[in-house]
Amino acid sequence: MKMNFSVWLRLLQMFLKVNILSPSGPASVGFLYEESVGKIMTEEQFVEAVGFSNVLPGSEALKLAMFVGYAAGGFPGVLSALLGAIIPPTVLMLIVSALLQRFQQENWLMGFVAGMSPAVAALIVFVSWELFRVSARKRIDRRVLLIATLSAVAFWAEIPSPFVLLGAGIMGVLLFGRRSY
Amino acid sequence: MDILLQLFWIFLKINLLSTSGPASVGLLYDEVVGSHVTQAQFVQAVGLSSVLPGSDALQLAMYVGYAVAGIPGGMVALAGSILPPTLIILGVTVVLHRLRREAWLSNFVEGLAPAISVLMLFTAWKIFQNGDSMGWWAWAVGVVSLVAMILKAPARFVVIVAGIIGAYFFSR
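Computed from a predicted model, the values in this text were never measured in an experiment.

Counting its regular elements, chain A contains seven helices and zero strands. Ordering the α and β elements of chain A from the N terminus gives α-α-α-α-α-α-α. Looking at chain A as a whole, 49% of its 181 residues qualify as buried. Relative to all contacts within chain A whose residues are 6 or more apart in sequence, the contacts with residues 24 or more apart total 53%. Summed over its atoms, the accessible surface of chain A is roughly 9000 Å², and 68% of this surface lies on carbon and sulfur atoms.

Moving on, we get to the overall build of chain B. Helix and strand counts for chain B come out as eight helices and zero strands. Taken across its 172 residues, chain B has 58% of its residues classed as buried. Within chain B, contacts between residues separated by at least 24 positions form 61% of all contacts whose residues are at least 6 apart in sequence. Surface summary for chain B: the accessible area is close to 7200 Å², and the carbon and sulfur share equals 72%.

Next up on the list: the interface of chain A and chain B. Taken together, the 84 residues of chain A in the interface contact 98 residues of chain B. Carbon and sulfur atoms supply 77% of the area buried between chain A and chain B, which totals about 7700 Å² over both sides. The largest contributions to the chain A side of the interface with chain B come from Pro57(A), Met93(A) and Leu165(A), which together make up 9% of the buried area. Along the contact surface separating chain A from chain B lie zero salt bridges. Taken together, the connections running from chain A to chain B amount to three residue pairs in polar contact (both at pLDDT 80 or more). Those elements giving two or more residues to the side of chain A that touches chain B turn out to be α1 (5-21), α3 (43-55), α4 (60-102), α5 (107-138), α6 (142-156) and α7 (161-176) of chain A. Considering each element in turn, the side of chain A that touches chain B owes the most residues, 26 residues, to α5(A).

Quick look at the side chain of Lys13(B) now. Tracing the chain through its elements places Lys13(B) in helix α1 (residues 2-16). Here Lys13(B) is in contact with Pro162(A) and Glu31(B), once residues within four sequence places are set aside.

Once that is clear, we can look at the environment of Gly177(A). Looking at the element boundaries, Gly177(A) is found in the segment after α7. When its relative accessible area of 40% is taken as the criterion, Gly177(A) is described as partly exposed. Apart from the residues within four sequence positions on either side, Gly177(A) is in contact with Gly172(A) and Asn107(B).

Take the confidence of the model for chain A next. When the pLDDT values of chain A are averaged, the result is 79; 87% of them are 70 or greater. Element-level pLDDT for chain A is lowest in α3(A), with a mean of 73, against a maximum mean of 88 in α6(A).

All names here are of chain A. Here Ala72 is to be found in helix α4. You can call Ala72 buried: its relative accessible area is 11%. Note: C-alpha distance between Ala72 and Lys39 (33 residues apart in sequence) is 9.3 Å.

Turning our attention to the side chain of Ser97(A). You can see Ser97(A) is positioned in helix α4. Ser97(A) gets classed as buried once you look at its relative accessible area, which sits at 0%.

Counting across every chain of the model gives nine aromatic pairs over all chains. Relative to Phe42(B), the ring of Tyr29(B) lies with its centre 5.2 Å away and its plane at 85°, an arrangement referred to as edge-to-face. Separated by 13 residues along the polypeptide, Tyr29(B) in helix α2 (residues 24-32) and Phe42(B) in helix α3 (residues 39-51) bring together distant segments of the chain. A single burial state applies to Tyr29(B) and to Phe42(B), both of which are buried. Seen from their ring centres, Trp125(B) and Trp139(B) are 6.3 Å apart, and the 45° between their planes marks the pair as tilted. Taken together, the residues Trp125(B) in helix α6 (residues 104-128) and Trp139(B) in helix α7 (residues 136-150) connect sequence positions 14 residues apart. Each residue in the set Phe155(A), Trp156(A) and Phe122(B) is aromatic and connected to the rest through ring pairs, giving one cluster.

Residue and element names in this part refer to chain A. Two elements in contact, α1 and α4, have axes whose closest approach is 7 Å; the angle formed by their N-to-C orientations is 40°. When the axis of α1 is compared with that of α4, the two are oblique. Viewed along their axes, α1 and α4 form a crossing whose handedness is right-handed.

Let us look at the pattern of salt bridges. Residues and elements named next belong to chain B. Tallying each qualifying case throughout the model produces two salt bridges over all chains. Two residues, Lys13 and Glu31, come together in a salt bridge whose shortest N-O distance is 3.2 Å. Linking Lys13 in helix α1 with Glu31 in helix α2, this pair joins segments that are 18 residues apart in sequence. Under the relative-accessibility criterion, Lys13 is labelled buried at 19%. You can call Glu31 buried: its relative accessible area is 16%. A salt bridge links Lys126 to Asp30; the nearest nitrogen and oxygen atoms lie 3.2 Å apart. With Lys126 in helix α6 and Asp30 in helix α2, this pair connects stretches of sequence that are 96 residues apart.

Calculation notes
- Numbering of residues begins from 1 in every chain and follows the order in which that chain's sequence is written.
- Written order decides the labels, with chains lettered from A and ligands numbered from 1.
- Only residues with pLDDT of at least 70 are given local features in this predicted model, and only at 80 or more are side-chain atom pairs given and counted; all residues enter the totals for whole chains, interfaces and linings.
- Heavy atoms from the whole structure form the basis of all side-chain values; hydrogens and water molecules are not counted.
- Counting from the N terminus, the helices are the DSSP runs of H or I reaching at least four residues and the strands are the DSSP runs of E reaching at least two.
- A simple rule labels every residue: compare its accessible area, found with a 1.4 Å probe on the protein chains alone, to the largest value its type can have, and call it buried under 20%, exposed over 50%, or partly exposed in between.
- Contacts between residues were defined by any pair of non-hydrogen atoms, one from each residue, lying within 4.5 Å.
- Here the accessible surface of atoms and residues is derived via Shrake-Rupley with a 1.4 Å probe, and residues count as covered only by protein chains that are part of the display.
- Summed over both partners, the accessible area (1.4 Å probe) lost when two parts come together is defined as the buried area.
- Each salt bridge in this description consists of a side-chain nitrogen of Lys or Arg and a carboxyl oxygen of Asp or Glu lying within 4 Å of one another.
- Within 3.5 Å is the distance limit for a polar contact, defined as a pair of N or O atoms, with the added protein rule that one can donate a hydrogen and the other accept it, and that residues adjacent in sequence qualify only through two side-chain atoms.
- Confidence scores labelled pLDDT are given residue by residue by the predictor and lie between 0 and 100.
- Aromatic pairing here means that ring centres of Phe, Tyr or Trp (its six-membered ring) are within 6.5 Å. Orientation follows from the plane angle: under 30 degrees is stacked, over 60 is edge-to-face, and everything else is tilted.
- Between the N-to-C directions of two axes lies an angle of 0 to 180 degrees, each axis being a line fitted to C-alpha atoms and, for a helix, fitted only over the stretch in contact.
- Here is the rule for angles: anything less than 35 degrees is roughly parallel, anything more than 145 is roughly antiparallel, 65 through 115 is roughly perpendicular, and the remaining ranges are oblique.
- Crossing handedness follows the turn of the near helix against the far one: under a right angle anticlockwise gives a left-handed crossing, and clockwise gives a right-handed one.

Next up, the structure:
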């Protein structure tokens, strides 16, 4: 592993670019692939990075950035990749939210929000469907449905969602642990 | 100070219990709407984070943190979101080969996935009702948006168009 300044600078530059040009975390994967595979890491390393960032909890864009950064430049590489991934979205959002707080009571903003609500709801349904499809494709069986049904009942009963999610995770450990099902 | 600690804890919790950026929306809704931000602010946050480039989860954290406690709030929310994945990744790179044999963590996350999908459906329904003032128009906008996204229209485009329709026809 080469420990030099130009690699870190290049990582920072690359992640700034990827995060300015891609609309969301998952969308950055394809873009990142083109930018990094063959240049600073092998295809195998990249696939491993994507695999791990799907398996571990938390924002996958960040995890992916850290894996790529580590493969290319060790721990300092992790830091530069992380900085590159964090700065563009948050600075933009900070500016926009600061502006928006001034218009909170304006009529046009209320209309804009009312119009956006059904579209945002549709967006969430869409993402939820994509998530479910991905998890069901990996294990097409009753266990996924069982967890989904039980959690639906729990949310219906207004059990606080962190507890429901924790329970679902534990069920995953118990149910998926037995490979010979 | 108290509110900052609360924010930090909320985002720490959310990032430990969600599989990916977009999946954190449902849990975030339950944790902050009503108690820290209004529903309208939350819709703005989700809409904007899908419009602006870069990670949605970080942008949601930034918006909510800023709305609750200004710039320090944004920073604290960000720190809470970044810390869990960073520590986990650093841990994994150290014990990479050990973890590959210990599948329980990946089973935990796979167990989370279906529950998160269901939670998001509940959240979508609550947010949908925020468009109530539009009557049947809300259904039209919702259905058309969903179909558009299934047909692979970019989400940022769909959300902006819906917002403009709302601003044009439904500003009181």
